[in-house]
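A closer look at the structure
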Amino acid sequence: MRLRGLRGILSAIVAVTLVAPASAWAEDDALFRYKGFDYSATDLSPEVRQALFDLDMDYYNKHQQLLDNALVEIYLKQTAEERGLTLEATRAELLPIAPPTEQQIRVFYDSNKDRIPYPYDQVKGQISQMLMQQIEGAQKSALVASIKSSEEYEIAMPRPEAPWVEIAIEGYPSKGPADAPVTVVEFADFQCPHCKSASAVLDKLSGQFGDQMRVVFMDFPINPSGISRVVAWGAVCADRQGKFWQYHDLAFNRQAMLDENAPFTLAKSLGLDEAEFKTCFEEDAVRTKVAQAEAEARRLGLSSTPTIYVNGRKVVMEDMEEDLSEAIQTALDAESKS
């Protein structure tokens, strides 16, 4: 029996987010001509430039997917010839696909049954098929990674580079020398789990790169609960008492317990002057400061958190720590050459 809507539900549950790279042309290359003048990406708004970059990333990523599939087929064919085996036998050896067990299917169903509005017996066949696709995809990815680790493999298609943007960071909390060669700007939401992870990663990288790195925090409270916005207002007041980063760290540590009273409980835990904090919290200037950070994020075309820039270029993060570390090192290398 065909179950309407089930495929979309299961696809959403097991979807894999693909992340890829940058621009198909240099930023100063002409994109179009109007009334006798050439317009390049640098003539466009940051929001449009970001959207163009996202399109380039999507194009690059889909390109790589097709090339990865082609690479696997070439590798399997050559390996089969070298071993004197059939292509089918080689594929079975290097990409063995075993159907998921009844237990694996049941575990998946039980873990997601709130989102699957059908009895187990009606959907286990489709779940099995989707788990098989996951297994096959994981095995193929592992094989591609193994092939690419070989010195014989080299990517010819250049990875696009994110557009450089100027970010209005004046007056927002930072740590690290103001004249550090690398400035990392994070747009974050206090209720965002990945922002909590980013906080830990940035702390680690700050220790690794020391005085070569400055971190600036910008609020982007997009959680629909509204609680992250209230917590952000409290962060402004904690900053006035010289304890922004202590408040920031404690808010993320207590992320699961944040509510509308969190700013005051956090302030009390940190030993802030509570009367001064309450007076500050009611000021329009506090709300304005958070709103300005959010408006800056919107101006840049952002829609998710965390979003992190290194020296004005957005970092595409698949492995957060690895990709950020690489972006910081690349920026340091570029600064040393300039």
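The paragraphs below set out a description of the structure included in this document. Going along each chain's sequence as written, the residues are numbered from 1 onward. Only residues with pLDDT of at least 70 get local features here, since the model is predicted, and only at 80 or more are side-chain atom pairs given and counted; chain-wide, interface and lining totals rely on the full set of residues. Each side-chain value is worked out from all heavy atoms of the structure, with water and hydrogens disregarded.

1. Observations regarding the pairing of strand S2 (residues 37-40)
Here is the rule: Any two strands between which DSSP finds at least two bridges are classified as paired. To qualify as a helix, a DSSP run of H or I must reach at least 4 residues; to qualify as a strand, a run of E must reach at least 2; elements of each kind are numbered from the N terminus.
Two elements, strand S1 (residues 30-34) and S2, share four bridges in a ladder whose sense is antiparallel. The residue bridging Arg33 from the neighbouring strand is Asp38, located in S2. In this structure, the hairpin formed by S1 and S2 is closed by a connection of two residues, where Lys35 is found at a positive phi of approximately 50 degrees.

2. Remarks on the state of the cysteines
Counted only if it meets this: Only a pair of cysteine sulfur atoms within 2.5 Å counts as a disulfide in this structure description. Note on exposure labels: buried denotes an accessible area under 20% of the residue type's maximum, exposed denotes more than 50%, and partly exposed covers the range between, all computed with a 1.4 Å probe on protein chains only.
All told, the structure shown has one disulfide when counted by the stated rule. Cys237 shares a disulfide with Cys280; S-S distance 2.2 Å. Negative torsions about the S-S bond denote left-handed disulfides, and the value of about -90 degrees found for Cys237 with Cys280 makes this one left-handed. Remark: Cys280 occurs in helix H10 (residues 274-281) and Cys237 occurs in helix H7 (residues 227-240); sequence separation between them is 43 residues. The exposure class of Cys237 is buried, given its relative accessible area of 1%.

3. Brief notes about a negative patch on the surface
Convention followed: Residues with no salt bridge and a relative accessible area higher than 30% make up the patches, which join like charges within 9 Å and nonpolar side chains (Val, Leu, Ile, Met, Phe, Trp, Tyr) within 5 Å. Accessible surface area values rest on a Shrake-Rupley calculation with a 1.4 Å probe, where residue burial reflects the displayed protein chains alone. When a carboxyl oxygen of Asp or Glu is within 4 Å of a side-chain nitrogen of Lys or Arg, the pair counts as a salt bridge. Here the positive residues are Lys and Arg and the negative ones are Asp and Glu; neither His nor the chain ends is included. Note that the charge is assigned to NZ on lysines, CZ on arginines, CG on aspartates and CD on glutamates.
Together, Glu318, Asp319, Glu322 and Glu326 line one region of the surface with negative charge. By secondary structure assignment, the location of Glu322 is in helix H12 (residues 320-337). Judged by relative accessible area, which is 51%, Glu322 ranks as exposed.

4. Details of the packing of helix H4 (residues 102-112) against helix H5 (residues 120-148)
For clarity, the cut-off: Fitted lines through C-alpha atoms give the axes, limited to the stretch in contact for helices. The angle between two N-to-C directions lies from 0 to 180 degrees. Here the word oblique covers every angle except those under 35 degrees (roughly parallel), over 145 (roughly antiparallel) and from 65 to 115 (roughly perpendicular). Throughout, a contact is declared for two residues whenever any of their heavy atoms are within 4.5 Å. Residue type decides the class: Asp, Glu, Lys and Arg count as charged, Ala, Val, Leu, Ile, Met, Phe, Trp, Tyr, Cys and Pro as nonpolar, and the leftover types, Gly among them, as polar.
It is the contact of H4 with H5, at a shortest axis distance of 10 Å, that shows an interaxial angle of 105 degrees. Here H4 lies roughly perpendicular to H5, going by the angle between them. Contacts between H4 and H5 pair Glu102, Gln104, Ile105, Arg106, Phe108 and Tyr109 from the former with Tyr120, Val123, Lys124, Ile127, Ser128 and Leu131 from the latter. In terms of residue class, the contact of H4 with H5 is built from seven nonpolar, two polar and three charged.

5. Structural notes on the environment of Asp333
Within the element layout of this structure, Asp333 appears in helix H12. Of the residues examined, Asp333 reaches a relative accessible area of 36% and is grouped as partly exposed. Each C-alpha atom, one on Asp333 and one on Pro181, is 9.9 Å from the other, the two residues being 152 residues apart in sequence.

6. Focus on the sheet that holds strand S7 (residues 313-314)
Pairing in this open sheet of five strands is mixed, and the strands run S3-S5-S4-S6-S7 from one edge to the other. A strand with exactly one partner marks an edge of an open sheet, and here the two such strands are strand S3 (174-175) and S7. Pairing geometry for strand S4 (residues 182-188) and strand S5 (residues 213-219), over seven bridges, is parallel. Within S5, the residue paired with Phe187 across the bridge is Met218. Sitting on the sheet, helix H8 (residues 244-253) touches S3 and S5, and the angle it makes with S5 is about 65 degrees.

7. A short note on unusual backbone geometry
Excluding glycine, a negative phi dihedral is what most residues carry, and trans is how most peptide bonds are arranged. A cis amide bond links Thr305 with the next residue in sequence, Pro306, at an omega value of -5 degrees. In this structure, Lys35 is a non-glycine residue whose phi angle is positive, near 50 degrees. Looking at where Lys35 falls in the secondary structure, it is placed in the loop between S1 and S2. Positive phi, close to 50 degrees, is recorded for Asn311, a residue that is not glycine. Note that Asn311 resides in the loop between strand S6 (307-310) and S7.

8. Let's talk about the environment of Lys113
Inspection of the secondary structure puts Lys113 in the loop between H4 and H5. Taking the relative accessible area as the measure of exposure, Lys113 reaches 45% and is therefore partly exposed. Put simply, Lys113 and Val185 are 72 residues apart on the chain and 39 Å apart in space, counted from C-alpha to C-alpha.

9. Examining the side chain of Glu186
Checked against the element boundaries, Glu186 lands in strand S4. Nearest to the buried, unbridged Glu186 among oppositely charged side chains is Lys175, at 8.2 Å.

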